[in-house]
Structure formats: C-alpha cells, structure tokens
Amino acid sequence: MHIVLPLLRNKYVIAGLVFIIWIGFFDQNNIVDRVSLARRISELNKQKEHYQNEIKSNRERMDELQSSHENLEKFAREQYLMKKPDEELFIIKEK
C-alpha cells in the first residue's frame, strides 16, 4: 500500500494508466473488438474451407457427368426423374 500511493500521485503513471485503459476499451481498435473480429475471421475461414471443398466436389461431379453420356443419363434419371419414351417410371416414397 505504501508503494501504490506514491505511484498514483505521479502524473506520468496516471497518464499511462489512462492511455492503457483508453486503448484497451474505448479506442477504435480496442481489445474487445479485436477478439470478436478474430473469432469472426476464424468462422469465415472455416466456411471458406467448407465451400472450397464443395466446389471441388461439384467440379469432380460435373467432370464425371460431362465425360460420359451414360453418366449424364443416369444423373438425369435419378435427379430429374426423366425417362425414355418407351419406359415406365415408378416412384417409391419412403416414410
């Protein structure tokens, strides 16, 4: 306690404390905002990685469909329920 009182009376220590508090909490680039922005960047990087994987998967699928007429026909039958003129199509819905 004897050391703290003379330090609090020193104008440079007070100015330094005010500066640290101002930078830490009230400044445009304060610590609280920096931490929340770092979290947001982390979340966005995870989303970026997810979407890049999706793009890669879709490109591989597209290349597969474009490489063969049979694959394209199979995709159209499964996804869009298309059929040949002389075929009958039965749709079974699972509950």
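Quantities reported herein were computed from a predicted structural model and do not represent experimental measurements.

Asker: Lay out the overall build of the protein with the relevant residues and their values.
Answerer: Looking only at helices and strands, the protein features four helices and zero strands. Helices and strands in the protein line up, N terminus first, as α-α-α-α. Its C-alpha atoms give the protein a radius of gyration of 32 Å, more than 25% over the compact-globule value 12 Å for 95 residues. Based on the C-alpha atoms only, the size of the protein along its principal axes is roughly 100 × 35 × 20 Å. The burial tally for the protein puts 6% of its 95 residues in the buried class. Carbon together with sulfur atoms contributes 59% to the accessible area of the protein, which is approximately 9600 Å² in total. If the 16 positive side-chain charges of the protein are averaged to one point and the 15 negative ones to another, these points end up 13 Å apart.

Asker: Now, about the packing of aromatic side chains: what can you tell me, with residues and values included?
Answerer: Counted under the stated rule, the structure contains two aromatic pairs. Note on Trp 22 and Phe 26: the rings are 5.6 Å apart at their centroids and 40° apart in plane angle, and the pair reads as tilted. Placement of both Trp 22 and Phe 26 in helix H2 (residues 11–26) is noted, with a separation of four residues, approximately one turn of the helix. With a relative accessible area of 47%, Trp 22 lands in the partly exposed category. A relative accessible area of 55% places Phe 26 in the exposed class. Consider the rings of Phe 75 and Tyr 80, whose centres lie 6.0 Å apart with planes at 80°: the pair is edge-to-face.

Asker: How would you summarise helix H3 (residues 31–67) if you had to cite specific residues and measurements?
Answerer: Along its 37 residues, H3 runs 54 Å from first to last C-alpha, staying within 8% of the 54 Å computed at 1.5 Å per residue. For H3, the N-terminal capping position is held by Asn 30, with its side-chain oxygen 3.3 Å away from the main-chain nitrogen of Val 32.

Asker: An account of the environment of Arg 34 is requested, with residue identities and associated values reported.
Answerer: In this fold, Arg 34 is placed in helix H3. The sequence separation of Arg 34 and Gly 24 amounts to ten residues, and the corresponding C-alpha distance is 10.0 Å.

Asker: Can you explain a nonpolar patch on the surface? Please cite residues and give values.
Answerer: A surface patch of nonpolar side chains, about 880 Å² in accessible area, is lined by Phe 19, Ile 20, Ile 21, Trp 22, Ile 23, Phe 25, Phe 26 and Val 32. Relative to the helices and strands, Ile 23 resides in helix H2.

Asker: Describe the side chain of Ser 68, listing the residues and the values that go with them.
Answerer: Of note, Ser 68 is situated in the loop between H3 and helix H4 (69–80). Of note is the side chain of Ser 68, whose polar atom sits 2.8 Å from the side chain of Glu 70.

Procedures and definitions
Residues numbered from 1 in each chain as written. Predicted model: local features only at pLDDT ≥ 70, side-chain atom pairs only at ≥ 80, totals over all residues. Heavy atoms only, no water. Helix = DSSP H or I, 4+ residues; strand = E, 2+ residues; numbered from the N terminus. Rg over C-alpha atoms; globule rule 2.2 N^0.38 Å. Buried < 20%, exposed > 50% of the residue type's maximum accessible area, 1.4 Å probe, protein only. Areas by Shrake-Rupley, 256 points an atom, 1.4 Å probe, with all protein chains shown as cover. Lys, Arg positive; Asp, Glu negative; His and termini not counted. Charge placed at Lys NZ, Arg CZ, Asp CG, Glu CD. Phe/Tyr/Trp six-rings, centres within 6.5 Å; stacked < 30°, edge-to-face > 60°. Expected span 1.5 Å × (residues − 1). Polar contact = N/O pair within 3.5 Å; in protein donor to acceptor, adjacent residues only side chain to side chain. Patch = residues over 30% accessible without salt bridge, like charges linked within 9 Å, V, L, I, M, F, W, Y side chains within 5 Å. Salt bridge = Lys/Arg side-chain N within 4 Å of Asp/Glu carboxyl O.

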